[in-house]
Each structure stands twice: as C-alpha cells, then as structure tokens.
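Chain by chain, the residues run as shown.
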Amino acid sequence: MQNPAPDAALDSLDKVKAILAPLDRSQKSKLFELVRAGHLENDQMTIEVGRLIVAMLNGPRTEHARRIWTGWFDPVMLRTDALMLAEMRPPGCLHVADAGAWWFALLPHLRELAGQVQTDIAQRASEHPLDVVLASPAAAHWAEELRGRSLAVLRQRGGAAMLLTSANTERATLLRKRGLSGVPPLSMADLAMLDSMLEHAPLWKGVARPRDTVGALHAASGMTERAGTPDGGLLYALTLVNNTRDPDQALALYGLFPNSPLVEAAVGHLQFSWQALRQKLEDLHLGRAAPPQLTAGESAERLLERAFRWYDALQGFGIERGGRSWPAVSTALGRVTALVEGEVVPVLSHRLLTLNASASPAPLIERVRFINQFNQRLARRGIAASSNPWLPAIGEHLAGLFRQAGAYGRDDALPTMARLCELAEETGYPIEVTAIDKTLLAIVEHALRDGRELDPGESRLIERVVAVSTEERRKCRWWVSSELVSLLDAAQQRGVGSAPH
C-alpha cells in the first residue's frame, strides 16, 4: 500500500471508505490484517484506516451482551418460523424469538453484569472485528458469567411467574416484527427447558450443526459420553430433530435414547406435519389463507410425503394403535381426512361439474390426482377405504366436453381433448374413443401429419385412437372408411402403433 502524507490521508478517509465499500467481508478482513501488520508506514494512517475497516466489518451491531448470552444457543436454536405455528410444539424447541424474549426478561436481574459485558466488548470491538472479539477468551469468560448468573435467577424461588409474564410480553413484540401471529405463549415447561439448556450448553458450545444423520449420532453420543449422563445429549438430539424435521434422523437418535422424550417429539412432529398439510389444503382449495411461514413455499405433495413418512415411522418409536399416544395421532389424521372428504372433494367436484369448453382442464388434473394419491396411501395403510370419491355425473360431463372440443374444430382441440382424457381417467371414468368418430380421426391424423412435437398426454390419446382403429381394420378386412385408412397411413409414417396392411 502506498502511504500518502498524514494530513492528506486523514482528509481522504471518505475516499478510502468508498474504495473499500465494494469489497466483501473476507476481503475486508484480510485487508485489516495487512494494516495491523504495519503495511502502512504512517502510524496515524494505520490507526485510522484500521478503525475504519473495523467499523465497516462490525456494522451497527451494538447489543454485545445479548449476543454473548444467546451464543450459548447458536447450535440448537430454530431459525425458521414453521414450528412456531405448531398447534402442539414438540419438546426442545427454542426459537430465536424465544431466546430474545428470555434475555429481555432476565436483563433486569443481570443489569450490572450486562453493563460490564457491554462496556468491555464495545471497547474491544472499537479496535478489532467483532467476530474476533466474540471468539476471544474475554468473551468466553463473560459468557460463562452470564450463564451462571442466569441460572441463579431462574432457580430463585417465587420468581418464575414474573419471568414468564415478562418473557411473553417481549416475545409478542419480537413475533410481530417477524409477521407471526397466533403463536402459543411460552409456558412453565419452556422455562424449565431454558434452565436445562443453560445447564447443558457447555456441551454444545461452538459445535457445528451436523450435516447428516451419522454426524448427528456422533455429536449426540459424544456429548453423552463427555457428560457421563444422557440429559445433555438427549436435549441436543431433540433440537436436531426440530431443525431437520426428518423422521429417519429421529429414529436413528431414538436408538441412542430409547424410552425418551423423542417419542413425544415424534408425535409432535407427526401432528405438525398433518397440521401443515391440512392448512395447505384449506389455502389451496377453500380460500382460508395459511401463514406463509407455515409451509415456507413447500408444495402440498411435499407436505403429504413428509406427513406419511412420520406416520410410517411410528412403529419404530413404539407407537401403535390403541397405545397411549395413539389418540393424538388419530386426531391429527382424522382432521385431514375429514377436511378432504367433507370439503375439498365437494369443492373439486363442483369445479369439475361446472368446467366448460373454454376453460383449461389442466389445473384440475393435478388436484384430482393429489386427492387420489392421498386416498390410495390411506388405503394401503388400512386407514380408510379407497372407494372412488368422484360422482358418475363427473364422468358424463367430461365425456360431453370431450365431444364438444372435437366438434368445434379448434386448433387446440387435441391438447384440450388429451387433458380431458387425463382428467376423466383420474376421476375413474375413462372416455371411450371409437374408430367411427370421424371428427376425432381427422384431428389425430392432422396432428400426426403436422410433425409437431407432442406432449405425453397427446401421445397417449393418439396411441389409443390408433389402437382402436387398428383393431377396427383387423375386424373389417374387406371394408373400412377412407378416414380410418388415411389415419393409419399417417400413424405408420410417424411410427405410431403397428398399423397392418
């Protein structure tokens, strides 16, 4: 680095800042190390540029005591909002808003200590990047002081109710800022969990969150081995399951901690997975808007998959029909099946029966297919019968639309007819195609000779028409219509079917 004259250097700090602004955090950090190593010959410039870089790195972050205290929970906190909307939250949930609320509730009892921490860290952060300061022995000392004092406050007799009230008041403000409403309040069980987390926090301090199940097992078992008791490792395992919401990982961790709160967690996650599916279906079909945080943009298909994965995992947790935990499971499933049978299917049936020739049937295909798959999955597990939920009148209506689409002679006749065929098959009433329908033969022949690329639905309809036409020619060897002969000739040229000569 070139070293300008001292006065000029001081006057040009704004220009230096403008030059540094486009650099990313890593580049600024490296530049700070170069400055601190004395690569600027002028001492005053070294100090000023060093402070400038530190200020840019640290930004507006000033609540240092709070950051040091919540650092105990970094490896275990929930940072996504979905589980905050659970009607029954699984055990071991500590959201970032919860941690912030507990800090503000405890702060009046930690005022003097928090002030000392704030002053010391702020002073150090004026000369060094905050990340470096927070990783220093001094920060570790203050973190332990705050943890110990917090535990002492939590264990004082008679103060729990006031702490809980204060935490819920602060939490309501934090939740509003995140756009969350209808979140159940913190309870005495949450207060007890905070105590337990602070007690065992040194076990996971600084631990990186595992990327896979093997890593999760290794981390949880290691904590148990170091502590000599399963409590800390089990609590950590619960937080991992809450973050991944993965039944396979939950089952693997249950192998380490059998007959533990992981059973309650499994029930809680099953309840939440079916709740999320239920509210997604209400949003999609009934216009009852679900909070966007609930599903974080996940499709109904993905939510359905997760819900059945949790259901299928129940046996591994020892949860069986008739057992103590089964009523909660049965209720969660029952609410979804009642919604589908009592509201979603009637709404979709109405839309099917009012579908007209000018509307695309494509959006309804996936929705009907989803309901069918849902019912089939229930039936395979012996939860409900797999009878066809779609009325015969729907099949008749779709067949009528199919004939109308062909009769109008529109350019989009084949795509529309193909979609109607798909929809009719999904409802259990396949549309009959015959070789005597000359309009249909003409539409299919035109598509074959047109040479355009056909989508799968169109190809299936064309193959059906060619198949019945081929069979008709086989049965009537001495006479067939000229339209049928022309169609089979087009099919042979396109390589569709096996038109005989």
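Throughout this document, residue positions are counted from 1 along each chain, in the order its sequence is written. Side-chain atom pairs in this predicted model are given and counted only at pLDDT of 80 or more, local residue features only at pLDDT of at least 70, and totals for whole chains, interfaces and linings cover all residues. Excluding hydrogens and water, the side-chain values take into account all heavy atoms of the structure.

## Let's talk about the nonpolar core
A general trend in soluble globular proteins is that nonpolar side chains are found buried together.
Line of reasoning, step 1. For our purposes a nonpolar core is just a set of buried Ala, Val, Leu, Ile, Met, Phe, Trp, Tyr and Cys residues, chained together by side-chain atoms within 4.5 Å. Type-normalised accessible area, obtained with a 1.4 Å probe on protein chains alone, sets the label of each residue: buried when under 20%, exposed when over 50%, and partly exposed for intermediate values. With 149 residues, the main nonpolar core has Phe73 and Trp274 as its most contacted residues.
Line of reasoning, step 2. Any two residues whose heavy atoms approach within 4.5 Å are treated as being in contact. Other than its neighbours up to four places away in sequence, Phe73 contacts Leu94, Ala99, Leu194, Met197 and Leu198.

## Details of helix α15 (residues 262-286)
Line of reasoning, step 1. Only DSSP runs of H or I with at least four residues qualify as helices, and only runs of E with at least two residues qualify as strands; both kinds are numbered from the N terminus onward. The length a helix should cover is 1.5 Å for every residue beyond the first. If you check α15, its first and last C-alpha atoms are 35 Å apart, about what 25 residues at 1.5 Å a residue would give, namely 36 Å.
Line of reasoning, step 2. Counting buried residues in α15 gives 20 out of 25 residues, a clear majority hidden from the surface.
Line of reasoning, step 3. The first or second residue beyond α15 is Gly287, which carries a positive phi of 75°.

## Quick look at the environment of Leu352
Line of reasoning, step 1. Among the secondary structure elements, Leu352 is positioned in helix α18 (residues 326-353).
Line of reasoning, step 2. Leu352 sits 39 residues away from Leu391 along the chain, and the two C-alpha atoms are 10.0 Å apart.
Line of reasoning, step 3. Every residue in contact with Leu352, bar those within four places of it in the chain, is listed here: Leu364, Val368, Trp390, Ile394, His397, Leu423 and Thr427.

## Some remarks on the packing of aromatic side chains
Line of reasoning, step 1. Pairing of aromatic side chains here covers Phe, Tyr and the six-membered ring of Trp, requires ring centres within 6.5 Å, and sorts the geometry by plane angle: under 30 degrees stacked, over 60 edge-to-face, intermediate tilted. Enumeration over the complete set of coordinates arrives at eight aromatic pairs.
Line of reasoning, step 2. One residue, Arg147, lies across the ring of Trp72, its end atom 5.4 Å from the ring centre. Throughout this description, the term charge over a ring refers to an Arg CZ or Lys NZ atom that lies within 6 Å of the ring centre and within 35 degrees of the ring normal.

## So, unusual backbone geometry
Line of reasoning, step 1. In this structure, Arg245 takes a positive phi of about 50° despite not being glycine.
Line of reasoning, step 2. With respect to the secondary-structure elements, Arg245 resides in the loop between α13 (231-244) and α14 (247-256).

## So, the packing of α13 against α15
Line of reasoning, step 1. Orientation is described by axes fitted as lines to C-alpha atoms, over the contacting stretch for helices, and by angles from 0 to 180 degrees between their N-to-C directions. Remark: α13 packs on α15, axes separated minimally by 11 Å, with the N-to-C direction vectors making an angle of 15°. If you check the angle between α13 and α15, you find them roughly parallel. Helix-helix and strand crossings are classified by hand; for α13 and α15 the assignment is right-handed. Side by side, α13 and α15 meet where Leu234, Leu238, Val241 and Asn242 of the first sit next to Leu262, Ala265 and His269 of the second.
Line of reasoning, step 2. Its residues assigned to classes, the contact of α13 with α15 comprises five nonpolar, two polar and no charged. Here the word oblique covers every angle except those under 35 degrees (roughly parallel), over 145 (roughly antiparallel) and from 65 to 115 (roughly perpendicular). Two helices that cross are described as forming a left-handed crossing if the nearer one is turned anticlockwise from the farther one by less than a right angle, and a right-handed crossing if clockwise. Residues are grouped as follows: Ala, Val, Leu, Ile, Met, Phe, Trp, Tyr, Cys and Pro are nonpolar; Asp, Glu, Lys and Arg are charged; all remaining types, including Gly, are polar.

## As for the packing of helix α21 (residues 413-426) against helix α23 (residues 456-475)
Line of reasoning, step 1. Between α21 and α23, the least distance of the axes is 8 Å, while the angle of their chain directions is 85°. As far as their axial angle goes, α23 and α21 are roughly perpendicular. The segment α21 lies against α23, with Leu414, Pro415, Met417, Ala418, Arg419, Cys421, Glu422 and Glu425 engaging Gly457, Glu458, Arg460, Leu461, Ile462 and Arg464.
Line of reasoning, step 2. A breakdown of the residues in the contact of α21 with α23 according to their chemical character gives seven nonpolar, one polar and six charged.

## Comments concerning helix α10 (residues 160-177)
Line of reasoning, step 1. In a regular helix each residue adds 1.5 Å, so 18 residues correspond to 26 Å; α10 covers 26 Å between its end C-alpha atoms and thus fits that length.
Line of reasoning, step 2. Burial in α10 covers these residues: Leu163, Leu164, Ala167, Arg171, Leu174 and Leu175. For α10, the buried positions fall inside an angular range of 95° around the axis, keeping them on one side. Exposed residues pointing more than 90 degrees away from the buried face of α10 are listed as Met162, Thr165, Thr169 and Arg176.
Line of reasoning, step 3. Tucked into the core, α10 has its buried residues touching α6 (96-106), α9 (137-154) and α11 (188-204).
Line of reasoning, step 4. Trailing α10 by a residue or two, Gly179 shows a phi angle of about 75°, which is positive. Each C-beta atom gives one direction from the helix axis, and the arc is the one those directions make.

## Concerning the side chain of Ser273
Line of reasoning, step 1. Turning to its location among the elements, Ser273 is positioned in helix α15.
Line of reasoning, step 2. Classification of Ser273 as buried rests on a relative accessible area of 5%.
Line of reasoning, step 3. Setting aside residues no more than four positions away along its own chain, Ser273 makes contact with Arg306, Ala307 and Trp310.

## Here's the deal with the side chain of Thr337
Line of reasoning, step 1. Inspection of the secondary structure puts Thr337 in helix α18.
Line of reasoning, step 2. Overall, the relative accessible area of 13% leaves Thr337 in the buried class.
Line of reasoning, step 3. Two N or O atoms form a polar contact when they lie within 3.5 Å of each other; inside protein one atom must be a possible hydrogen donor and the other a possible acceptor, and for residues adjacent in sequence the pair counts only when both atoms belong to side chains. Side-chain polar atoms of Thr337 contact the backbone oxygen of Gly334, separated by 3.0 Å.
Line of reasoning, step 4. Each residue touching Thr337, except ones within four places of it in the same chain, is listed here: Phe374 and Leu378.

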